[in-house]
Amino acid sequence: NPALGAMLIWKYGRSFQAQLTAEPSDLLLAFLILPLCLHRPTLDMIVGTQARSGLGKFCEKLSEKREELFAVHERCVALKGLSLHSLAFGERSGILDVEYDAAKLRALEVADPVLSERVKAQAKGAERLGVWFSALRAAEIFHALKVVA
(Lines give C-alpha, C1' and ligand atoms only; values in the text may rest on other atoms or scores of the structure.)
Protein backbone atom coordinates (compact mmCIF):
# COMPACT_ATOMS: atom_id res chain seq x y z
CA ASN A 1 0.00 0.00 0.00
CA PRO A 2 1.85 3.13 -1.21
CA ALA A 3 -0.26 5.41 1.03
CA LEU A 4 0.82 3.54 4.16
CA GLY A 5 4.40 3.47 2.89
CA ALA A 6 4.35 7.22 2.24
CA MET A 7 3.05 7.88 5.75
CA LEU A 8 5.79 5.70 7.30
CA ILE A 9 8.51 7.39 5.26
CA TRP A 10 7.05 10.79 6.23
CA LYS A 11 7.05 9.81 9.95
CA TYR A 12 10.67 8.70 9.58
CA GLY A 13 11.61 11.96 7.83
CA ARG A 14 9.88 14.18 10.40
CA SER A 15 11.69 12.34 13.19
CA PHE A 16 15.03 12.53 11.35
CA GLN A 17 14.63 16.27 10.79
CA ALA A 18 13.56 16.88 14.40
CA GLN A 19 17.02 15.94 15.64
CA LEU A 20 19.89 18.38 16.13
CA THR A 21 20.78 19.07 12.51
CA ALA A 22 17.25 19.50 11.13
CA GLU A 23 18.70 18.44 7.79
CA PRO A 24 16.79 16.28 5.32
CA SER A 25 17.59 12.58 5.14
CA ASP A 26 19.64 10.93 2.43
CA LEU A 27 17.14 9.63 -0.11
CA LEU A 28 18.62 6.12 -0.07
CA LEU A 29 17.78 5.73 3.62
CA ALA A 30 14.08 5.91 2.76
CA PHE A 31 14.46 2.53 1.06
CA LEU A 32 15.22 0.96 4.47
CA ILE A 33 12.06 2.12 6.23
CA LEU A 34 9.46 -0.22 4.73
CA PRO A 35 11.62 -3.38 4.87
CA LEU A 36 12.27 -2.69 8.56
CA CYS A 37 8.81 -1.48 9.60
CA LEU A 38 6.61 -3.85 7.60
CA HIS A 39 8.31 -7.02 8.86
CA ARG A 40 6.68 -7.76 12.22
CA PRO A 41 9.60 -9.54 13.97
CA THR A 42 11.99 -6.75 12.95
CA LEU A 43 9.47 -4.06 13.90
CA ASP A 44 9.06 -5.67 17.32
CA MET A 45 12.83 -5.43 17.84
CA ILE A 46 12.85 -1.77 16.76
CA VAL A 47 10.00 -0.83 19.08
CA GLY A 48 11.51 -2.98 21.86
CA THR A 49 14.83 -1.11 21.68
CA GLN A 50 14.93 2.20 23.51
CA ALA A 51 15.45 5.24 21.31
CA ARG A 52 18.51 6.32 23.28
CA SER A 53 20.14 2.89 22.80
CA GLY A 54 20.69 3.63 19.14
CA LEU A 55 21.02 1.63 15.96
CA GLY A 56 23.98 -0.32 17.36
CA LYS A 57 21.87 -1.94 20.09
CA PHE A 58 19.14 -2.78 17.57
CA CYS A 59 21.70 -4.37 15.22
CA GLU A 60 23.12 -6.31 18.16
CA LYS A 61 19.65 -7.73 18.89
CA LEU A 62 19.05 -8.41 15.21
CA SER A 63 22.37 -10.23 14.81
CA GLU A 64 21.42 -12.67 17.59
CA LYS A 65 19.25 -14.15 14.84
CA ARG A 66 21.84 -13.87 12.09
CA GLU A 67 19.41 -14.87 9.34
CA GLU A 68 17.20 -11.93 10.33
CA LEU A 69 20.07 -9.47 9.88
CA PHE A 70 20.93 -10.79 6.42
CA ALA A 71 17.25 -10.90 5.45
CA VAL A 72 17.08 -7.09 5.71
CA HIS A 73 18.97 -6.73 2.42
CA GLU A 74 16.66 -9.24 0.71
CA ARG A 75 13.59 -7.36 1.95
CA CYS A 76 15.07 -4.08 0.71
CA VAL A 77 15.40 -5.56 -2.76
CA ALA A 78 11.93 -7.11 -2.63
CA LEU A 79 10.28 -3.88 -1.43
CA LYS A 80 12.23 -1.48 -3.63
CA GLY A 81 9.24 -1.00 -5.93
CA LEU A 82 6.83 -0.34 -3.06
CA SER A 83 9.31 2.10 -1.51
CA LEU A 84 9.60 3.96 -4.82
CA HIS A 85 5.80 4.07 -5.28
CA SER A 86 5.45 5.26 -1.68
CA LEU A 87 7.94 8.08 -2.27
CA ALA A 88 6.06 9.10 -5.41
CA PHE A 89 2.72 8.93 -3.58
CA GLY A 90 4.13 11.04 -0.74
CA GLU A 91 5.45 13.62 -3.16
CA ARG A 92 2.14 13.82 -5.04
CA SER A 93 0.28 14.06 -1.71
CA GLY A 94 2.39 16.99 -0.54
CA ILE A 95 3.96 15.31 2.49
CA LEU A 96 7.38 14.55 0.99
CA ASP A 97 9.77 16.57 -1.12
CA VAL A 98 12.52 14.76 -2.99
CA GLU A 99 15.55 16.90 -3.80
CA TYR A 100 16.79 14.89 -6.77
CA ASP A 101 19.99 16.86 -7.40
CA ALA A 102 21.16 16.43 -3.80
CA ALA A 103 19.57 12.96 -3.34
CA LYS A 104 17.80 14.21 -0.19
CA LEU A 105 14.36 13.54 1.23
CA ARG A 106 12.51 16.25 3.12
CA ALA A 107 9.38 15.45 5.11
CA LEU A 108 7.13 18.48 4.88
CA GLU A 109 5.33 20.03 7.83
CA VAL A 110 1.73 18.93 7.61
CA ALA A 111 -0.82 17.93 10.23
CA ASP A 112 -0.18 14.56 11.84
CA PRO A 113 -2.73 12.04 10.55
CA VAL A 114 -5.02 10.15 12.90
CA LEU A 115 -3.67 6.60 12.86
CA SER A 116 -5.58 3.39 13.30
CA GLU A 117 -4.38 1.01 15.99
CA ARG A 118 -3.17 -1.34 13.25
CA VAL A 119 -0.43 1.04 12.08
CA LYS A 120 0.62 2.79 15.29
CA ALA A 121 3.47 0.34 15.92
CA GLN A 122 4.82 0.83 12.38
CA ALA A 123 4.66 4.61 12.80
CA LYS A 124 6.51 4.38 16.11
CA GLY A 125 9.14 2.18 14.46
CA ALA A 126 9.59 4.66 11.60
CA GLU A 127 10.01 7.52 14.07
CA ARG A 128 12.58 5.55 16.05
CA LEU A 129 14.55 4.85 12.86
CA GLY A 130 14.55 8.60 12.19
CA VAL A 131 16.16 9.25 15.57
CA TRP A 132 18.76 6.51 15.09
CA PHE A 133 19.60 7.30 11.47
CA SER A 134 20.03 11.01 12.18
CA ALA A 135 23.03 10.23 14.39
CA LEU A 136 24.97 8.35 11.69
CA ARG A 137 26.15 8.69 8.12
CA ALA A 138 24.26 6.72 5.48
CA ALA A 139 27.26 4.47 4.79
CA GLU A 140 27.45 3.53 8.49
CA ILE A 141 23.76 2.66 8.54
CA PHE A 142 23.95 0.47 5.44
CA HIS A 143 27.06 -1.25 6.80
CA ALA A 144 25.45 -1.90 10.21
CA LEU A 145 22.36 -3.40 8.57
CA LYS A 146 24.42 -5.40 6.03
CA VAL A 147 22.58 -3.76 3.14
CA VAL A 148 24.38 -3.07 -0.11
CA ALA A 149 23.04 0.13 -1.65
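No experiment lies behind these values; they were computed from the predicted model shown.

Quick notes on unusual backbone geometry
If you check the backbone angles, A103 has positive phi at about 55 degrees while not being a glycine. Turning to its location among the elements, A103 is positioned in the loop between β2 (96-99) and β3 (104-107). With a phi angle near 60 degrees, K146 is a residue other than glycine that sits in the positive phi range. Mapped onto the secondary structure, K146 falls in the segment after α8 (138-144).

A few points about the side chain of Q17
Topologically, Q17 is positioned in helix α1 (residues 2-17). Q17 sits in the buried class, given a relative accessible area of 10%. Those residues in contact with Q17 that lie beyond four places of it in its chain are A22, E23, P24, L105, R106 and A107.

Observations concerning the packing of helix α3 (residues 40-47) against helix α7 (residues 117-134)
Packed helix pairs are characterised by how far apart their axes lie and by the angle those axes make with each other. At a closest axis distance of 9 Å, the pairing of α3 and α7 adopts a crossing angle of 60 degrees. Here α7 runs oblique to α3, going by the angle between their axes. Crossing geometry of α3 relative to α7 is assigned as left-handed. Packed against α3, whose contacting residues are R40, L43, I46 and V47, the element α7 presents A121, Q122, K124, G125, R128, L129 and W132 at the interface. In terms of residue class, the contact of α3 with α7 is built from 6 nonpolar, 2 polar and 3 charged.

Digging into helix α2 (residues 30-37)
Summarising burial for α2: 8 of the 8 residues are buried, a large majority. Among all positions of α2, only A30, F31, L32, I33, L34, P35, L36 and C37 are buried.

What counts and how
- Residues numbered from 1 in each chain as written.
- Predicted model: local features only at pLDDT ≥ 70, side-chain atom pairs only at ≥ 80, totals over all residues.
- Heavy atoms only, no water.
- Helix = DSSP H or I, 4+ residues; strand = E, 2+ residues; numbered from the N terminus.
- Buried < 20%, exposed > 50% of the residue type's maximum accessible area, 1.4 Å probe, protein only.
- Contact = heavy atoms within 4.5 Å.
- Axes fitted to C-alpha atoms, helices over the stretch in contact; angles between N-to-C directions.
- Parallel < 35°, antiparallel > 145°, perpendicular 65-115°, else oblique.
- Left-handed = near helix turned anticlockwise from the far one by under 90°.
- Nonpolar A, V, L, I, M, F, W, Y, C, P; charged D, E, K, R; others polar.

In short, geometric facts, not functional conclusions.
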